[in-house]
Amino acid sequence: MDSSELYHVKQLFFLGAYRSLADLSLPDPNSPDYLRALLYKARALIALNQPTAALQLLKGAPDNVSAKAAVSLARYIGASDSSAKESALEELRDLCVEIEGDDVEGDERDKALVKVLAGTAFARAGEIEEALETLGTDTEDLEAVAVIVQIYVAINRPDLAKKQFERSKRWAEDDLLLQLIESTIGLATGRDGYHNPSSFYTEQLANPSLSSPHILTARGVTRILRNEFQEAKSDLEESMEQQKDDAETLAAFVVAGGLGAVKRPELEELWSQMTNRHPNHPLVQDVSEKADLFDQAVSKFTVPPLASAA
């Protein structure tokens, strides 16, 4: 059973309150919660795209396989070239082999976390099969299930994501992470008019001890899907005030603007910010590809001369 302090740390991480978690003080190094809290804080820094800060924090971690995996994930995220990225992935592969042995610095939770961190890196690298094999689609670790569900949603297999959720309900407690998984699937499938994710995100945002731009963005996306464009705009504006350069929030704002939430000059400014700051985002790349296809189609079409009266 986790202490109330560690439960709060986990809640901040799962709900995407990464800045609040990164600013949180760690418990005493002699506390049984120290390593767990340190790892969640390091993972929050990685999620904020601050791998250097995460590596600095992890210098104070005990000699443990989960801490080593966090270091490798931070190195992967911070790598500037393909060689460095591959080196970090190899470190994670070696750790996944190491935890199968008997002489391991860590308990079962540490081993499970190694798989979660490795699976996350493999998924980000586009190695989907390796990620799923590492995480284990029959796992009984709820964090691993959450990553598996995200992968299935990302590759447009919500049916497999739902199977993971239904399987997890047989053994997992009805805790926050399980509810978050259910909301993720509901958002991907549109079940019941997005009622469940809408209710879940609204409930979490009512928590006075939580400040999560991630949840604001998630509710904003939900409201876009429910055709509540002005309400979505309000959520996304508030989210951008809390984290100004978040790619997903800006992308959602562009979509909401294109559907009428903002006037055209503001929409053009939002799109300019999106293309300049996040040129590799899937939305930018998809629009660019569609524009190229349109130009190719136009080039093959000859406009006939205007008809004139005889």
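Preceding this paragraph is the structure being described.
Summarised in this report is the structure supplied together with it. None of these values were measured; they are calculated from a predicted model.

### Structural notes on the overall build of the protein
The helix and strand inventory of the protein stands at 17 helices and zero strands. For the protein, the spread of C-alpha atoms along the three principal axes comes to 95 × 45 × 35 Å. Looking at the protein as a whole, 44% of its 310 residues are labelled buried. Considering only contacts within the protein whose residues lie at least 6 apart along the sequence, 51% involve residues at least 24 apart. Of the accessible surface of the protein, which amounts to about 17100 Å², a share of 50% is contributed by carbon and sulfur atoms.

### Considering the packing of helix H5 (residues 65-78) against helix H6 (residues 82-98)
The interhelical angle for the contact between H5 and H6, taken along N-to-C directions, is 160°, at an axis separation of 8 Å. In this view, H5 runs roughly antiparallel relative to H6, as classed from their interaxial angle. When you trace H5 past H6, the crossing you get is left-handed. Here Val-65, Lys-68, Ala-69, Ser-72, Leu-73, Arg-75, Tyr-76 and Ile-77 of H5 lie close against H6, whose contacting residues are Lys-85, Ala-88, Leu-89, Glu-91, Leu-92, Leu-95 and Glu-98. Grouping the constituent residues of the contact of H5 with H6 by class yields nine nonpolar, one polar and five charged.

### So, helix H3 (residues 34-47)
In this model, H3 (14 residues) spans 20 Å end to end at C-alpha, consistent with the 20 Å of a helix rising 1.5 Å per residue. Along H3, 13 of the 14 residues are buried, which leaves the element largely enclosed by surrounding structure. Downstream of H3 by one or two residues, Asn-49 has phi in the positive range, about 60°.

### Considering the side chain of His-278
Relative to the elements of secondary structure, His-278 occurs in the loop between helix H16 (264-277) and helix H17 (282-299). For His-278, a relative accessible area of 13% translates into the label buried. Side-chain polar atoms of His-278 contact the side chain of Asp-245, separated by 3.4 Å. Setting aside residues up to four positions removed in sequence, His-278 forms contacts with Asp-245, Asp-246, Ala-247, Leu-250, Gln-273 and Val-284.

### Some thoughts on the side chain of Thr-134
Its location among the elements puts Thr-134 in helix H8 (residues 128-135). Here the side chain of Thr-134 touches Glu-130 through a polar contact of 2.8 Å, landing on its backbone oxygen. Sequence-distant contacts of Thr-134, defined by excluding residues within four places in its chain, comprise Cys-96, Lys-115, Ala-118, Gly-119 and Phe-122.

### A word on the pattern of salt bridges
Overall, the coordinates contain 23 salt bridges when judged by the stated rule. Where Arg-75 meets Glu-91, a salt bridge forms, and the shortest distance between an N and an O atom there is 3.3 Å. In this pair, Arg-75 is assigned in helix H5 and Glu-91 in helix H6, connecting sequence segments 16 residues apart. A salt bridge links Arg-157 to Asp-159; the nearest nitrogen and oxygen atoms lie 2.7 Å apart. Take Arg-157: its relative accessible area is 35%, and that puts it in the partly exposed class. Within the structure, one salt-bridge network assembled from shared partners comprises Arg-219, Arg-223, Arg-226, Glu-228 and Asp-235.

### Considering the nonpolar core
Leu-39, Leu-58 and Ile-181 are the most contacted members of the largest nonpolar core, which has 73 residues in total. If near-sequence neighbours (up to four positions away) are discounted, Leu-58 is found in contact with Leu-38, Leu-39, Ala-42, Ala-67, Ala-70 and Val-71. By size, the runner-up hydrophobic cluster in this structure holds 17 residues, among which are Phe-229, Val-254, Val-262 and Val-284.

### Notes on the packing of H8 against helix H9 (residues 142-154)
Relative to each other, H8 and H9 sit at 155°, their axes nearing to 10 Å. As summarised for this structure, H8 and H9 are arranged roughly antiparallel, according to the angle between their axes. The handedness of the crossing between H8 and H9 comes out as left-handed. Contacts between H8 and H9 involve Ile-128, Ala-131, Leu-132 and Leu-135 from the first element and Ala-144, Val-147, Ile-148, Ile-151 and Tyr-152 from the second.

### Considerations on H8
Listed in full, the buried residues belonging to H8 are Ala-131, Leu-132, Thr-134 and Leu-135. Summarising the axial view, the buried residues of H8 lie within an arc of 160°, below the 170-degree limit, and thus occupy one face. Away from its buried face by more than 90 degrees, H8 exposes Glu-129 and Glu-133. In this structure, the buried side of H8 is in contact with H6, helix H7 (108-124) and H9. A positive backbone phi angle near 80° is found at Gly-136, which sits one or two residues after H8.

Conventions adopted
Residues numbered from 1 in each chain as written. Predicted model: local features only at pLDDT ≥ 70, side-chain atom pairs only at ≥ 80, totals over all residues. Heavy atoms only, no water. Helix = DSSP H or I, 4+ residues; strand = E, 2+ residues; numbered from the N terminus. Buried < 20%, exposed > 50% of the residue type's maximum accessible area, 1.4 Å probe, protein only. Contact = heavy atoms within 4.5 Å. Areas by Shrake-Rupley, 256 points an atom, 1.4 Å probe, with all protein chains shown as cover. Axes fitted to C-alpha atoms, helices over the stretch in contact; angles between N-to-C directions. Parallel < 35°, antiparallel > 145°, perpendicular 65-115°, else oblique. Left-handed = near helix turned anticlockwise from the far one by under 90°. Nonpolar A, V, L, I, M, F, W, Y, C, P; charged D, E, K, R; others polar. Expected span 1.5 Å × (residues − 1). Polar contact = N/O pair within 3.5 Å; in protein donor to acceptor, adjacent residues only side chain to side chain. Salt bridge = Lys/Arg side-chain N within 4 Å of Asp/Glu carboxyl O. Core = buried A, V, L, I, M, F, W, Y, C linked by side-chain atoms within 4.5 Å. Arc of directions from axis to C-beta.

This is a description of form; function is not addressed.
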